[in-house]
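# What the coordinates show
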Amino acid sequence: MVDRYGADVLAGDWKRPPRGRSVELAAEPGTVVEDVETGWVGAVVRVEKAGGVHVVHLEDRHGRLKGFPLGPGFLVDGAPVTLVPPRVAADARLATARAASARTASGSVAVAGARARVARGSRLYVEGKHDAELVEKVWGDDLRVEGVVVEMLDGVDDLAAVIREVAPEPGRRMGVLVDHLVPGTKESRVVDEARRVRPYADHVLVVGHPYVDVWQSVKPQRLGMDAWPVIPRGTSWKHGICAHLGWPHRTQADIARAWQRILATVGSYADLEPELLGRVEELIDFVTAPE
């Protein structure tokens, strides 16, 4: 028999919106979304709290920024999403991954329930804030268990003088990580001098990676590139990188935000180049070795 009244209009999920139901999506830097109300399309730059409300800042293809309340009302490839703070999602993923693998971000065996050890006299020194933040993100758990503190040098131009001031000795070793340590550079000459400082040489280990800046130790594929671009001489390297990626770079705040976008792509040692990994592991072994 033919049903002359047609199908039951209430059969199935008749309340389902035409575009589908909204799903939660972490507002990770670089995620491209569209605001339903205004049609603004842009990549997530950052999420911040203002007046008790989380605001997501989107950057369009012309470099213009606009803020929107975090939550529902966004589309990704035409499908509705509800943006949630990235840290919540990232922490949940990290906790799940660590519980499953029992490994820290550096790949070491995790020590469950371990408290941070009282700081050793030995220290690990890096050139600047970005280096310190990267080391903390990947090796922070290991360093707290070992009681190793990371300190910033603000450059290595006078590394020999710093060594004399610290005066390392047995039980108070110095491990130093230097950027752009390749033959024939200013850095190589500074390090050669520092390694000869007496009577401290036996208690100091200075190693380096070949990259112009620690940014470059992050695998370029994490930022959608096959390789880091070559920046012409006379152009600030970080400004040149930001320009290549189409990111704002007029102010120091722009550069700081660019680094946070890069750092956000690093979840573990697997996101870093081996030339950096090996050197940091070498330094940690040095400053934690029994004497």
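The structure this text deals with has already been given above.
The text that follows walks through the structure, step by step, so that each part is easy to find. (Residues numbered from 1 in each chain as written. Predicted model: local features only at pLDDT ≥ 70, side-chain atom pairs only at ≥ 80, totals over all residues. Heavy atoms only, no water.)

## Quick notes on the environment of Val44
Where we set the bar: For helices the rule is a DSSP run of H or I covering at least 4 residues; for strands it is a run of E covering at least 2, with both sets numbered from the N terminus onward. Buried means the residue's accessible area, taken with a 1.4 Å probe over protein chains only, is under 20% of the maximum for its type, while exposed means over 50%, and partly exposed covers the values in between. It only takes one pair of heavy atoms within 4.5 Å for two residues to be counted as in contact.
Here Val44 is to be found in strand 3 (residues 41–50). Note on Val44: relative accessible area 0%, which makes it buried. Through-space distance from the C-alpha of Val44 to that of Glu59 is 6.5 Å; in sequence the pair is 15 residues apart. Residues within four places of Val44 in sequence aside, it is in contact with Ala27, Glu28, Pro29, Gly30, Thr31, Val56, His57 and Leu58.

## Some remarks on the packing of aromatic side chains
Stated formally: Side-chain rings of Phe, Tyr and Trp (the six-membered ring for Trp) are treated as a pair once their centres are within 6.5 Å; stacked means planes under 30 degrees apart, edge-to-face means over 60, and tilted covers the remaining angles. In our convention, an over-ring charge means Lys NZ or Arg CZ found within 6 Å of a ring centre and within 35 degrees of that ring's normal.
Counted according to the given criterion, the structure contains 4 aromatic pairs. Relative to Trp237, the ring of Trp215 lies with its centre 6.2 Å away and its plane at 65°, an arrangement referred to as edge-to-face. Here the residue Trp215 occupies a position in the loop between strand 11 (204–208) and helix 5 (237–245), and Trp237 occupies one in helix 5, the gap between them amounting to 22 residues. Both residues of the pair, Trp215 and Trp237, count as buried. Grouped by ring-pair contacts, the aromatic residues Trp215, Trp228, Trp237 and Trp259 constitute a single cluster. Over the face of the ring belonging to Phe286 we find Arg173, whose NZ or CZ atom lies 4.3 Å from the ring centre.

## Brief notes about the environment of Glu127
This is how the line gets drawn: As used in this structure description, the phrase polar contact means that two N or O atoms lie within 3.5 Å; if the pair is within protein, one of them must be able to donate a hydrogen and the other to accept it, and residues adjacent in sequence are counted only when both atoms belong to side chains.
For Glu127, the location among the structural elements is in the loop between strand 8 (123–126) and helix 2 (129–146). Distance from Glu127 to Asp154, taken between C-alpha atoms, is 5.3 Å for residues 27 residues apart in sequence. When residues no more than four places from it in sequence are discounted, the contact partners of Glu127 are Leu153, Asp154, Gly155, Val156, Leu177, Val178 and Asp179. Among the polar contacts made by the side chain of Glu127, one reaches the main-chain amide nitrogen of Asp179 at a distance of 2.6 Å.

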